Amino acid sequence: MSDNIILQTKGLGISFGGLHAVRDVDFVLRGGELRCLIGPNGAGKTTFFRLLSGQHTPTRGEIIYKGKPLGNLQPYQIARLGIGVKTQVPSLFEGLSVFENLELAANQTFSGLEAVSIVDETLERISLQDQRHTICQELAHGQRQWVELGQILASKPDVALLDEPAAGMTHDESLKTIEIIKEITAKSSVVVVEHDMDFIKLIGERVTVFDRGEVIADGTFKEIASNPQVREAYLGRKEAAVA
Ligand SMILES: Nc1ncnc2c1ncn2[C@@H]1O[C@H](COP(=O)(O)OP(=O)(O)OP(=O)(O)O)[C@@H](O)[C@H]1O
């Protein structure tokens, strides 16, 4: 892997009919990096995320993971290669406990006592030690999101793709979520897709901005917040201004 690049796209694109939802995207994620993807509604963030996770097949370009083209793999095959995904659609086993859900995730990579010890450690990191035997369907919204992030923590993938991990959370829950994401980054390179600017500002890491399917800016939050093209992309759609 040159320059510690773990995941890369070259000229990546997908069209739906005549609409270029993602167009000619060159993207580089390095080992240990936490990258945020933002953009106004319809910018192509989720579509790009789905291309990376195998939920969509590119119509152009390629995705290179650990130096090799991914090809047209199914999501489960991509997961087996070490790319963990948290989508907006809940993926918990509702009738199982928090512990059991985390154990299933840990067992993707670890077994026996090691897996159990990783689950214990994960319960602490997501602050749900007291809910270890609670059935997931009884959890509050924020806690469910944390169990899903805990599944990523427990399986320790090489790359973690997180789509709107703080959706529907209170401010305090979002702060806890940022802590968990930083814990994930200790073991995995992470991509976070998010439309909430305050959340991105609080994460305080490098940001890539999408608009109309293309990358229009890349840099620190401060850099992208003062970028005229980024401000135009947001303000032009009468959405929240970049703070
Ligand atoms: N399966 C699909 N078929 C047709 N058009 C699609 C499909 N998925 C996405 N699109 C279109 O592609 C464009 C990009 O959508 P996408 O959901 O990726 O944007 P986004 O940046 O994630 O926006 P949001 O923040 O609103 O979720 C939009 O115009 C959307 O309507």
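Please refer to the structure placed before this passage.
Bear in mind the structure is a predicted one, so any value in this text is a computation, not a measurement.

Undergrad: Can you walk me through the sheet that holds strand S9 (residues 207-211) in this structure?
TA: Two modes of strand pairing occur in sheets, parallel and antiparallel, and in both the strands are linked by backbone hydrogen bonds. One open sheet holds the six strands; their spatial order is S6-S7-S8-S3-S9-S10, and the pairing between them is mixed. Each edge of the open sheet carries a strand with a single partner, namely strand S6 (83-86) and strand S10 (214-219). The average undirected angle you get between the axes of adjacent strands in this sheet is 20°. The pairing of S9 with S10 spans five bridges and is antiparallel. Residue pairing for S10: phenylalanine 210 is matched across the bridge by valine 215. Of the strands in this sheet, strand S3 (34-38), strand S7 (159-163) and strand S8 (189-193) are in contact with helix H6 (residues 171-185), which crosses S8 at around 145°. The strands that helix H9 (residues 228-235) touches are S3, S9 and S10; relative to S10, the one it contacts most, it runs at about 125°.

Undergrad: When you look at the environment of glutamate 33 in this model, what are you seeing that I'm missing?
TA: Among the secondary structure elements, glutamate 33 is positioned in the loop between strand S2 (19-30) and S3. Residue classification places glutamate 33 among the buried residues on the basis of a relative accessible area of 13%. Considering only alpha carbons, one finds glutamate 33 and glycine 67, 34 residues apart in sequence, at a separation of 17 Å. Apart from the residues within four sequence positions on either side, glutamate 33 is in contact with Val28, Thr185, Ser188, Ser189, Val190 and Arg206.

Undergrad: Would you take a moment to explain the environment of glycine 213 for this structure?
TA: Looking at the secondary structure, you find glycine 213 in the loop between S9 and S10. It is 5.3 Å that separates the C-alpha atoms of glycine 213 and arginine 23, two residues lying 190 residues apart in sequence. Dropping the residues within four chain positions of it, glycine 213 is found in contact with His20, Ala21, Val22, Arg23, Val25 and Ala43.

Undergrad: What's the story with the environment of valine 207 in this structure? I'm lost.
TA: Tracing the sequence through the fold places valine 207 in strand S9. For the pair valine 207 and phenylalanine 16, spaced 191 residues apart in sequence, the C-alpha separation works out to 26 Å. Beyond its immediate sequence surroundings of up to four residues, valine 207 is in contact with Arg35, Cys36, Ile38, Ile200, Ala217, Asp218, Gly219, Phe221 and Ile224.

Undergrad: Would you mind showing me how to read the packing of aromatic side chains here?
TA: Given two aromatic rings, one states the distance between the centres and the angle between the planes to describe the pair. Per the counting criterion, the structure on display carries two aromatic pairs. Both rings, one in phenylalanine 27 and one in phenylalanine 48, keep their centres 5.4 Å apart while their planes meet at 70°; by these two values the pair is edge-to-face. Here phenylalanine 27, found in strand S2, pairs with phenylalanine 48, found in helix H1 (residues 45-52); they are 21 residues apart in sequence, far enough to count as distant. Each of the two residues, phenylalanine 27 as well as phenylalanine 48, counts as buried. Pairing phenylalanine 48 with phenylalanine 210 gives two aromatic rings, centres 5.1 Å apart and planes at 45°, and the pair type is tilted. With a gap of 162 residues between them, phenylalanine 48 in helix H1 and phenylalanine 210 in strand S9 connect regions that are remote in the sequence. Side by side, phenylalanine 48 and phenylalanine 210 carry an identical accessibility label, which is buried. Following the ring pairs from residue to residue traces out a cluster consisting of Phe27, Phe48 and Phe210.

Undergrad: Sorry if this is basic, but what is going on with unusual backbone geometry here?
TA: Residues apart from glycine generally show negative phi values, whereas peptide bonds are mostly found in trans. The backbone of aspartate 24 shows a phi angle near 55°, a positive value even though the residue is not glycine. Locating aspartate 24 in the fold gives a position in strand S2. We classify aspartate 24 as exposed; its relative accessible area is 55%.

Undergrad: Help me understand the packing of helix H3 (residues 98-106) against helix H5 (residues 141-155), please; the structure alone is not making it clear to me.
TA: The contact between H3 and H5 brings their axes to 7 Å, and the two run at 35°. Helix-helix and strand crossings are classified by hand; for H3 and H5 the assignment is right-handed. Of the residues in H5, those touching H3 at Val98, Asn101, Leu102, Ala105 and Ala106 are Val147, Gly150, Gln151, Ala154 and Ser155. Residues of the contact of H3 with H5, tallied by class, amount to six nonpolar, four polar and no charged.

Parameters at a glance
- Residues numbered from 1 in each chain as written.
- Predicted model: local features only at pLDDT ≥ 70, side-chain atom pairs only at ≥ 80, totals over all residues.
- Heavy atoms only, no water.
- Pairing = 2+ DSSP bridges.
- Helix = DSSP H or I, 4+ residues; strand = E, 2+ residues; numbered from the N terminus.
- Axes fitted to C-alpha atoms, helices over the stretch in contact; angles between N-to-C directions.
- Contact = heavy atoms within 4.5 Å.
- Buried < 20%, exposed > 50% of the residue type's maximum accessible area, 1.4 Å probe, protein only.
- Phe/Tyr/Trp six-rings, centres within 6.5 Å; stacked < 30°, edge-to-face > 60°.
- Left-handed = near helix turned anticlockwise from the far one by under 90°.
- Nonpolar A, V, L, I, M, F, W, Y, C, P; charged D, E, K, R; others polar.

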